[in-house]
Amino acid sequence: MKKKLFSLLCLLCLVGQVCAQETLHKSTTLIGIWNQMRPYRLDSTRVVWMPTGNFKIYNIDRTFLLLINDGKGTCAITAYGTYDGRTPGEFTEKLEFHAYSKALNSGNSTSKLRYALQNDSIMQLEYYNSDIKKWVPELWKRVTPLHVRRQ
């Protein structure tokens, strides 16, 4: 039953992506494809933000997916669920599946999230999960279309 539900959810998300593709990549809101960023120390005084292999997709139908790409051939959905906006800059996620945590894979796990968008392409986010009981900060960068280079 879980495999059928998972397959149905993936199909619905793909259909949503196809139908709302222009909306996703032109969005100036939370809706879109986001790449998680991590700090990387260049030396004792300089730190830069580098993209990770973690991606999050917020769909217009209020579903989301968390994907990983480890750069070694593994690309997989590691979590999915639904989200509901409460006020501008705040929303709640309800996890339906999480591949790495039994506590988060209960089907009852919720997270409160606060976010701020900077110039439509950087999102400062922090979440409070009902199971781990602490606020966790994150930085995400919007995935945008690759533009053709002029020669």
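Only a predicted model underlies this, so the values are computations on that prediction, with no experimental measurement involved.

Conventions and cut-offs
- Residues numbered from 1 in each chain as written.
- Predicted model: local features only at pLDDT ≥ 70, side-chain atom pairs only at ≥ 80, totals over all residues.
- Heavy atoms only, no water.
- Helix = DSSP H or I, 4+ residues; strand = E, 2+ residues; numbered from the N terminus.
- Buried < 20%, exposed > 50% of the residue type's maximum accessible area, 1.4 Å probe, protein only.
- Contact = heavy atoms within 4.5 Å.
- Areas by Shrake-Rupley, 256 points an atom, 1.4 Å probe, with all protein chains shown as cover.
- Pairing = 2+ DSSP bridges.
- Axes fitted to C-alpha atoms, helices over the stretch in contact; angles between N-to-C directions.
- Salt bridge = Lys/Arg side-chain N within 4 Å of Asp/Glu carboxyl O.
- 1 Å grid on protein atoms, 1.4 Å probe; cavity = no way out; pocket = protein on both sides within 12 Å on 5 of 7 lines; lining within 4 Å.
- Points joined across faces, edges and corners; volume = space filled by probe spheres on them.
- Phe/Tyr/Trp six-rings, centres within 6.5 Å; stacked < 30°, edge-to-face > 60°.
- Lys NZ or Arg CZ within 6 Å of the ring centre and 35° of its normal.

## Some points on the overall build of the protein
Helix and strand counts for the protein stand at two helices and eight strands. By residue count, 31% of the 151 residues in the protein fall in the buried class. Of all intrachain contacts in the protein linking residues separated by at least 6 positions in sequence, the fraction that spans at least 24 positions is 34%. Just so you have it, the protein exposes about 10200 Å², and 58% of that area is on carbon and sulfur atoms.

## A closer look at the sheet that holds strand β6 (residues 110-118)
Around the barrel, which closes on itself, the eight strands sit in the order β1-β2-β3-β4-β5-β6-β7-β8 with antiparallel pairing between neighbours. When strand polarity is set aside, the average angle formed by the axes of neighbouring strands in this sheet is 40 degrees. Both strand β3 (residues 63-69) and strand β4 (residues 75-87) contribute to a ladder of seven bridges, which runs antiparallel. When the bridges of β4 are listed, L67 appears paired with I77.

## Notes on the pattern of salt bridges
If you walk through the whole model with that rule in mind, you get three salt bridges. Here D43 and R46 are joined by a salt bridge, their closest N and O atoms 3.0 Å apart. Given the relative accessible area of 49%, R46 is considered partly exposed. With a closest N to O distance of 2.7 Å, R114 and E126 form a salt bridge. Of this pair, R114 sits in strand β6 while E126 is found in strand β7 (residues 122-129), placing the two residues 12 residues apart along the sequence. Here E126 falls in the partly exposed class, since its relative accessible area comes to 28%.

## Re unusual backbone geometry
Notably, R62 is not glycine yet its phi reads approximately 70 degrees, a positive angle. According to the relative accessible area criterion, R62 is partly exposed, its value standing at 41%. At N119, a residue that is not glycine, the phi angle is positive and equals roughly 40 degrees. Structurally, the position occupied by N119 is in the loop between β6 and β7.

## As for the layout of surface pockets
If you add up the space inside the largest pocket, you get close to 460 Å³. Lining the largest pocket are 25 residues; nearest its centre among them are L66, H98, L104, Y127 and E138. Taken together, the elements giving at least two residues each to the lining of the largest pocket come down to β1 (32-41), β2 (47-58), β3, β4, β5 (90-98), β6, β7 and β8 (135-142).

## A closer look at the packing of aromatic side chains
One pass over the structure, following the stated rule, counts seven aromatic pairs. Taking 5.5 Å as the distance between ring centres and 50 degrees as the angle between the ring planes, the aromatic pair formed by Y128 and W135 counts as tilted. What makes Y128 partly exposed here is its relative accessible area of 26%. The structure contains a cluster of three or more aromatic residues connected by ring pairs, namely Y58, F64, Y83, F91 and Y115. Directly above the aromatic system of W135 lies the positively charged group of R114, at a separation of 3.6 Å from the ring centroid.

## A few points about the environment of V143
Topologically, V143 is positioned in the segment after β8. Distance in space between the C-alpha atoms of V143 and I33 is 5.4 Å, their sequence separation being 110 residues. The residues touching V143, leaving out its near neighbours within four places in the chain, are I33, W34, N35 and F55.

In short, geometric facts, not functional conclusions.
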